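# Geometric and topological summary
Read off the chains here:
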There are 2 protein chains.
Amino acid sequence: MRMRKKNYQEVVLATSKYIVNEPSKLAGQWKAALGSGELHVEIGSGKGDYWRLMAQQYPQAAWVGIEKNVNVASVALKKASEVDLTNAKFIVWDANLIQEWFMPGEIDVLHLNFSDPWPKKAHVKRRLTHHHFVEKYYQLLSDQGRVIMKSDNRELFEFSLVVMGQQWFVLEEVFVDFRSSTHDEDVISEYEQRFMDLGQPIYRAVWRKR
Amino acid sequence: MRMRKKNYQEVVLATSKYIVNEPSKLAGQWKAALGSGELHVEIGSGKGDYWRLMAQQYPQAAWVGIEKNVNVASVALKKASEVDLTNAKFIVWDANLIQEWFMPGEIDVLHLNFSDPWPKKAHVKRRLTHHHFVEKYYQLLSDQGRVIMKSDNRELFEFSLVVMGQQWFVLEEVFVDFRSSTHDEDVISEYEQRFMDLGQPIYRAVWRKR
């Protein structure tokens, strides 16, 4: 079982047309490589539903997914292999290194979907909206750049609202029960659908650079 | 029935030791008149549970309630007549005039509890977190002054998070389900208890002057 899984992953990772093995080589050139529209980057793409479906829904924009977990990343790449996207790429790496892959001001929209809440106090620094990440986002985003977050996790969402509003970003839009109304602009991943089926609220916020 | 109600109100309004009929005369002197602690002002006190119970719980602070609706204000004053508070006053007037009653920097904490959501687009200006109110709050609050809001209304809360964060205030604390954990610092009014009994989330935010 273990072997089979490993082989499957190895094949997907070696053959996927979406994977970028040396992302730093594309720094400053992502839009040229993927199309001239806005550059959207998702950190923590998981099985890639949001990344893939958004790339399909918005072919004029460029979509880069980032996922450090090889197991789920290979699922994302496998699913994407069944469609033919010319505006999407994928990085299988820890987003801690994101500043090596993009130039300052290069990214237009950063997406954080159902990020790991890291509930323990000792792990707060790992949250994707911790100060040390937010500062990086600010540098990498264009002047009118935005961060869009969705979460099912109350504590992470509350934490993010406070940190993001402190210095670098201004809250542009917020929903404390996003799916209580319909929103054309946004796709629903399988992961999100599970929470919706349980009747749990989905939180969403959009921040713009201050 | 109408007469009886009117008489009852008239008696309460005429005899309450809490009511301040000419609040502008106390401008700049509220703390001296009510005690030397922090000055807390609640806009839209309704039947006054929060105002009264907080004044009891925090006798070192001064508590001023404001309610323009004479019917509910007289209930608030009647309830308060059953206790003996030396640190509380009440204004039966439209809070639009708040700048005539307090000096700039005089208020330490402004409380907005379950304010009218004014859901219609035509009435947005009446929301107590509309720009033109928020600007007044900023002027009236002390340097470290805070606004504390609780609401059961999703749209009003979302609106408030966006407006408050735009310019004058920074979000210090936020809860998208405040009563899912216990909070010693805060009393629960009858009004709030009804929403809690229905299992509806209570939203709460604390902002500090930027």
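Analysis parameters
- Residues numbered from 1 in each chain as written.
- Chains lettered and ligands numbered in written order.
- Predicted model: local features only at pLDDT ≥ 70, side-chain atom pairs only at ≥ 80, totals over all residues.
- Heavy atoms only, no water.
- Pairing = 2+ DSSP bridges.
- Helix = DSSP H or I, 4+ residues; strand = E, 2+ residues; numbered from the N terminus.
- Axes fitted to C-alpha atoms, helices over the stretch in contact; angles between N-to-C directions.
- Contact = heavy atoms within 4.5 Å.
- Buried < 20%, exposed > 50% of the residue type's maximum accessible area, 1.4 Å probe, protein only.
- Right-handed = clockwise from strand over helix to strand, strands pointing away.
- pLDDT = per-residue confidence, 0-100.

## Some thoughts on the sheet that holds strand β6 (residues 169-175) of chain B
All names here are of chain B. If you walk across this open sheet you meet the seven strands as β3-β2-β1-β4-β5-β7-β6, and the pairing is mixed. The outermost strands of the open sheet, each flanked by one partner alone, are β3 (88-91) and β6. If you compare each strand with its neighbour and ignore which way they point, the axes differ by 20° on average. Of the strand pairs in this sheet, β6 and strand β7 (residues 203-209) are connected by six bridges, and their pairing is antiparallel. Each residue of the ladder has a partner; that of Phe169, found in β7, is Lys209. Contacts from helix α3 (residues 49-57) reach β1 (39-43), β2 (62-66), β3, β4 (107-113) and β5 (141-151) within the one sheet, and its direction differs from that of β2 by about 175°.

## Topic: the pairing of β1 of chain B
All names here are of chain B. Counting buried residues in β1 gives five out of five residues, a clear majority hidden from the surface. Of the two faces of β1, both are covered, the one formed by Leu39, Val41 and Ile43 as well as the one formed by His40 and Glu42. In the sheet, β1 pairs with β2 via five bridges, with the strands oriented parallel. By the bridge assignment, His40 is partnered in β2 with Trp63. Handedness of the crossover joining β1 and β2 through α3 is recorded here as right-handed.

## What to know about the confidence of the model for chain A
Averaged over every residue, the pLDDT of chain A is 93; the share at 70 or more is 97%. On the interface metric, ipTM, the complex scores 0.88, and its pTM is 0.91.

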